[in-house]
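Coordinates in review
What follows is each chain in one-letter form.
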Amino acid sequence: MDLEYIDDGRTAENVVAELADEPSLAVDLEAAGFHRYSDRLCLVQISTRGGRDIILDPLAVELGDLLRPLLQNPDQTLFMHGGDYDLRLLDRDLGINPRGVFDTQIAAALLGVGSIGLAALLEEHFGVRLSKKYQRADWARRPLERGMLEYAASDTRHLHELAEILSGRLEEVGRMDWAHEEFQLMEEIRWTPDESDDPVTRVKGAHRLDPRPVARLREALAWRD
């Protein structure tokens, strides 16, 4: 099935209604933190077990109320990989706190796998090599290149099959209960900004400044924010 890029509300409503009948979904997010001063959720990727790849555009469609019943359904499994930050973004930008999370990176770690990155796991189990071309892409730019959309979809396209393999191995070694404990902890993750962080420490060369310029720099950063 062709990749579906959705940037209008009516189509998004129809697609989400169809996804409600799926027993499991693979989910990933793309944000624009590398090219923007303020991080921002830019894409929501969803893949089904049947091979349907969907990319929703949160810059064009209000997704919070639309996706909340879907992603917070405890009877539906959500496959993620290294979903810690994605869960924080969902909480901060969409007010969504997913349930039924299964994180393949955590599953791989509990199995003692040497390389737990998604690219390494997909190459090991499926011979799939993920492109690195768009690792630092600006996901906030529009229109998005077809290659960028394919890259984004590759983060969820194989998660169902990968989760099935890892689940089987966790059962074999008796560590599935450990995994479920970790997944339940992930479901409690919320966005918590670090207000104690001094922005001056992130400015190159600031450590060489005298106290008065440091104070001026701190005031300038506060004004900018």
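Scroll up to find the structure.
Quick summary incoming for the structure in this document. (Residues numbered from 1 in each chain as written. Predicted model: local features only at pLDDT ≥ 70, side-chain atom pairs only at ≥ 80, totals over all residues. Heavy atoms only, no water.)

So, on to the sheet that holds strand E1 (residues 4-6). The sheet built from six strands is open, its strands ordered E1-E4-E3-E2-E5-E6 with mixed pairing. Strand pairing shows two members of the sheet lacking a second neighbour, E1 and strand E6 (101-103), which therefore form its edges. Neighbouring strand axes in the sheet, compared pairwise and without regard to direction, differ in orientation by 25 degrees on average. For strand E2 (residues 24-31) and strand E5 (residues 77-80), the ladder comprises three bridges, and the chain directions are parallel. In the strand pairing of E5, Leu25 is matched with Leu78. (Pairing = 2+ DSSP bridges. Helix = DSSP H or I, 4+ residues; strand = E, 2+ residues; numbered from the N terminus. Axes fitted to C-alpha atoms, helices over the stretch in contact; angles between N-to-C directions.)

Between helix H1 (residues 9-19) and helix H2 (residues 64-71), whose axes approach to 10 Å, the crossing angle comes to 5 degrees. When the axes of H1 and H2 are compared, the pair comes out roughly parallel. Side by side, H1 and H2 meet where Ala12, Glu13, Val16 and Leu19 of the first sit next to Leu66, Leu67 and Leu70 of the second. Tallied by class, the residues present in the contact of H1 with H2 amount to six nonpolar, no polar and one charged. (Parallel < 35°, antiparallel > 145°, perpendicular 65-115°, else oblique. Contact = heavy atoms within 4.5 Å. Nonpolar A, V, L, I, M, F, W, Y, C, P; charged D, E, K, R; others polar.)

Take the nonpolar core next. Judged by nonpolar contacts, the single largest core of 23 residues is most densely connected at Val44, Ile46, Leu56, Leu67 and Leu71. Every residue in contact with Leu56, bar those within four places of it in the chain, is listed here: Ile6, Ala12, Cys42, Leu43, Val44, Ile46, Leu63 and Leu67. (Core = buried A, V, L, I, M, F, W, Y, C linked by side-chain atoms within 4.5 Å. Buried < 20%, exposed > 50% of the residue type's maximum accessible area, 1.4 Å probe, protein only.)

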